[in-house]
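# Coordinate analysis (summary)
Residues per chain are reported as follows:
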Amino acid sequence: MSTLPVPGIPGEPAVPVPGVPGEPTVSGAGVAGGSAVPGAGVAGGPIVSVLGVRHHGPGSARAVRQELERLRPDAILIEGPPEADPLVTLAPELEPPVALLAHVPGAPAKAAFWPFAAFSPEWQAILYGTATGVPVRFCDLPAAHSLAESEKRDEKRDEDRDEDRGEAEDEDEGRGETSGLRADPIGSLAAAAGYDDPERWWEDVVEHRGDTPFEVIAEAMAAVREGYEPDEREARREAYMRKTLRAALKEGYGRIAVICGAWHVPALTGPLPSAAKDNAILRGLPKVKAELTWVPWTYGRLASWSGYGAGITSPGWYHHLFGATDRPVERWLAEAAAVLREEGLAVSSAHVIESVRLAHTLAALRGRPLAGLGEVTEAARAVLCEGDDLAVELIQRRMVVGDRLGQVSDGTPMVPLQRDLRDQQRRLRLRPEALDREIDLDLRKPLDLDRSHLLHRLGLLGVDWGALGESRGKGTFRETWTLRWRPEHDLALIEQAALGTTVAGAAAQRARDLAATDRTALAELTSLVEQCLLADLPQALPEVLAALSARAALDTDVTHLMAALPAMVRAHRYGDVRGTPAEGLAVIVRSMLERIRVGLPVAVTGLDDDAAAGLLKHVDAVHAAVALLETDGAGEEVSPRSRWLVTLRGVSDRQDLHGLIEGRLTRILLDAGELDDAGDRMARAMSRGQVPARAAAWVEGFLAGGGLLLVHDPRLLSLVDGWLTGLSGEQFTDVLPLLRRTFGGFAAPERRAIGERVRSAGSGARERRQDVDERRAAAAVATVLAILGKEDG
């Protein structure tokens, strides 16, 4: 190995180094620098070892740890935001995967993440530094600048959308090949080596070697970057890395190890620009105030999105490679067999032995030093899963990606809202998990009721940790939630931190803010009332109800009122169930219902097909909600349901209704026991004087409540059957889509029962025809033919 002495830090006072007077020794391999200057240190001169790695590479992580133990540096520089330097000491208390979260106070939407896993080289360097007492610093562009630059890029992107597309395409072509190389240098090296898969090339030349040849990687990156000119953002990043390195040398550190992406190694080891030139590049950078903290991360998130340019698709596999120092293939397939057994699949030890043999054979046939993920997956598919793709997908989800969720310590900086949620999670025994977890809550139990309140409050804050299932029935005491924690939830909590120091206080303030916003629609306000009751926020209800009452009094659109009423009724009912009644809610509900009754006759006039279908949904929702209302004892003799049915009866008697509306109202009134002439109404709707399309719409509306009515009422079935058989071929083709939509919505047993009724009715008609004495009927037939003018027939 040979050293690569270069003019490392021009513009700074030089410390004499044996063999290279006046310059520090800078190496792209670490090992080279150490072997060239034995015993060099503060007494002899500084040595800078730049270790080029692949982010989240288990081989690089293991090699970095070994190299640091050999070099024994007195300072470590790591690619990352320097504002996170004070957070390094917390690393031993954290459980990876974790991420550095940088955000702008007051505008948390401007945020960035730097994730770390146990197999990340940077994480191993941090652990080494904290364990040995070696200072660890981040050397990338500060988050204060990168967040400001991202905002500037977003603004520029918005402006570019307004420009001519042809100019944008010319700019893209002008970036040329070098932009592609910068984006994926590993892919470029893999292609040069004849590989079509960069992941497989990296595993063969790095991960499966047991060590990482840093000097070779440095030379390869120098070749890839030959003639490359970094763009403005990358030039600033690398200029700041060199600036941080100069600062460390100026402080007198003798052995400095720099851990960065392999792509940046030539920028830190080649002939470097002067300090004045780097300062000029960094001059005038936009800046914002940035705060940083540690947050939990997940392997699933690491696979789908990475804060570095090199994302990975198999974090679970990489974690296994990092932890299994011997027989990784055998251990992996044995664990895969255990996962399949947990799902009830019969997998024996003989299956495991055979799959290991197949994986090694595939690797040998393909000239690979060790079986990789592709080989073990194919072996598992063929032997363990016996070709079942669902079983392979299970291994992919549980092992290749993994369900690991990191943890942060109590000493990690948090906003009060985060800390309050953490305390409540412990009190309520709700641990955040990366995989979906379903829980059933019985609201009659204090613990489950508190859990429900917490999840509803978080939903109001935009933290969708829990998704409420559809199994919750109206007026029941049970809720079903599906919980899944995502890293973005911490960012959402930070975003809402200004609303309060507790989850309850912040949710109440959020409800007040939404109620005070003029842009909040009436239906959204009623939903907000329901959320306040479900989340047990009585302190916010008065303001929300006042805003709702004022908005409802001014809104003249009856459809808005109809859209808002169901949520109000549910809120009123659930307030009683949960023991959190909302005073004044019943008055608002009655007022809205009366305005709906007055406005409905006007709203059903002159509707086309789409408008009729939309209004019908509101009618059904209001009808279902009114069924939950009862006379409140305030001097009412007629129930809200009775008054609502009177309104529907008056509307249904009009002659200008859309067929869909008339049919549905007829069915509602029939089911409510308010009609005794439903058959006559159907007969009129399907008479020959009606347009077939309107008759089909009437049938669709009438049968929307289900098809059992036709099974149990032979007259109605006969009317529908007679109308259909009386249509001409062209008319039947026109109404077929409506009929298919109507009858397709019935359950299979209903359709089968209707078919059997029609068939039995046809058989009965044939039997009746067989009982006719044709000789005695001949005189009557002749008379009818004479009347019709068809005596010769």
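No experiment lies behind these values; they were computed from the predicted model shown. (Residues numbered from 1 in each chain as written. Predicted model: local features only at pLDDT ≥ 70, side-chain atom pairs only at ≥ 80, totals over all residues. Heavy atoms only, no water.)

## Some points on the environment of Gly387
The test is simple: Helix numbering and strand numbering both begin at the N terminus, where a helix is a DSSP run of H or I of at least 4 residues and a strand a DSSP run of E of at least 2. We call two residues in contact when some of their heavy atoms are within 4.5 Å.
For Gly387, the position within the fold is in the loop between helix 16 (373-384) and helix 17 (389-401). Residues in contact with Gly387, not counting those within four places in the same chain, are Arg381 and Ala382.

## Thoughts on the packing of helix 16 against helix 17
Note the threshold: A fitted line through C-alpha atoms serves as each axis, taken over the contacting stretch for helices, and the angle formed by two N-to-C directions is quoted from 0 to 180°. Angles below 35 degrees are treated as roughly parallel, those above 145 as roughly antiparallel, those between 65 and 115 as roughly perpendicular, and all remaining angles as oblique. Two helices that cross are described as forming a left-handed crossing if the nearer one is turned anticlockwise from the farther one by less than a right angle, and a right-handed crossing if clockwise. Residue type decides the class: Asp, Glu, Lys and Arg count as charged, Ala, Val, Leu, Ile, Met, Phe, Trp, Tyr, Cys and Pro as nonpolar, and the leftover types, Gly among them, as polar.
Between helix 16 and helix 17, whose axes approach to 10 Å, the crossing angle comes to 140°. Our classification of the angle between helix 16 and helix 17 gives oblique. The element helix 16 and its partner helix 17 pack so that their crossing is right-handed. Touching Leu373, Thr377, Ala380 and Arg381 of helix 16 are Asp389, Val392, Ile395 and Val400, all from helix 17. Broken down by class, the residue content of the contact of helix 16 with helix 17 amounts to five nonpolar, one polar and two charged.

## Focus on a nonpolar patch on the surface
Note the threshold: Patch definition: residues above 30% relative accessible area lacking any salt bridge, with like charges linked at up to 9 Å and the nonpolar side chains Val, Leu, Ile, Met, Phe, Trp and Tyr linked at up to 5 Å. Each accessible area is a Shrake-Rupley result for a 1.4 Å probe, and residues are judged covered by the shown protein chains and nothing else. The salt bridge definition used is simple: a Lys or Arg side-chain nitrogen within 4 Å of an Asp or Glu carboxyl oxygen.
A cluster of nonpolar side chains, Val784, Ile787 and Leu788, forms an exposed patch at the surface whose accessible area comes to about 330 Å². Positionally, Ile787 belongs in helix 35 (residues 774-787).

## Re the nonpolar core
Worth spelling out the cut-off: To form a nonpolar core, buried Ala, Val, Leu, Ile, Met, Phe, Trp, Tyr and Cys residues must be joined to one another through side-chain atoms within 4.5 Å. In this scheme, a residue with accessible area under 20% of its type's maximum is buried, one over 50% is exposed, and one in between is partly exposed, where area comes from a 1.4 Å probe on protein chains only.
Formed by 119 residues in total, the largest nonpolar core has its most connected members in Leu333, Val376 and Trp644. The dominant element in this core, judged by the number of residues it contributes, is helix 25 (residues 585-603), at eight residues. Those residues in contact with Trp644 that sit more than four places away from it in its chain are Leu593, Ile596, Arg597, Leu600, Val619, Val622, His623 and Val626. Core analysis: the next-biggest nonpolar cluster, separate from the first, contains 39 residues, Leu51, Phe116, Ala257 and Leu292 among them.

## Some remarks on unusual backbone geometry
A cis amide bond, omega 10°, links Pro96 with the succeeding residue Pro97. Considering the arrangement of structural elements, one finds Pro97 in the loop between strand 3 (75-78) and strand 4 (98-104). Positioned with a positive phi, Arg429 is a non-glycine residue whose angle comes to about 55°. Tracing the backbone through its elements, the reader meets Arg429 in the loop between helix 18 (416-427) and strand 9 (437-442).

## Some words on the pattern of salt bridges
If you walk through the whole model with that rule in mind, you get 35 salt bridges. Two residues, Arg246 and Asp278, come together in a salt bridge whose shortest N-O distance is 2.9 Å. With Arg246 in helix 9 (residues 232-250) and Asp278 in helix 11 (residues 275-282), the pair connects residues that are 32 residues apart, well separated along the chain. By relative accessible area, which is 3% here, Arg246 ends up buried. A salt bridge links Glu543 to Arg512; the nearest nitrogen and oxygen atoms lie 3.4 Å apart. Taken together, the residues span a long stretch of sequence, with Glu543 in helix 23 (residues 541-554) and Arg512 in helix 21 (residues 503-516) at a distance of 31 residues. Relative accessible area serves as the criterion here: at 44%, Glu543 is assigned to the partly exposed category. Taken together, the shared-partner salt bridges in this structure form one network comprising Arg366, Arg368, Glu375 and Glu378.

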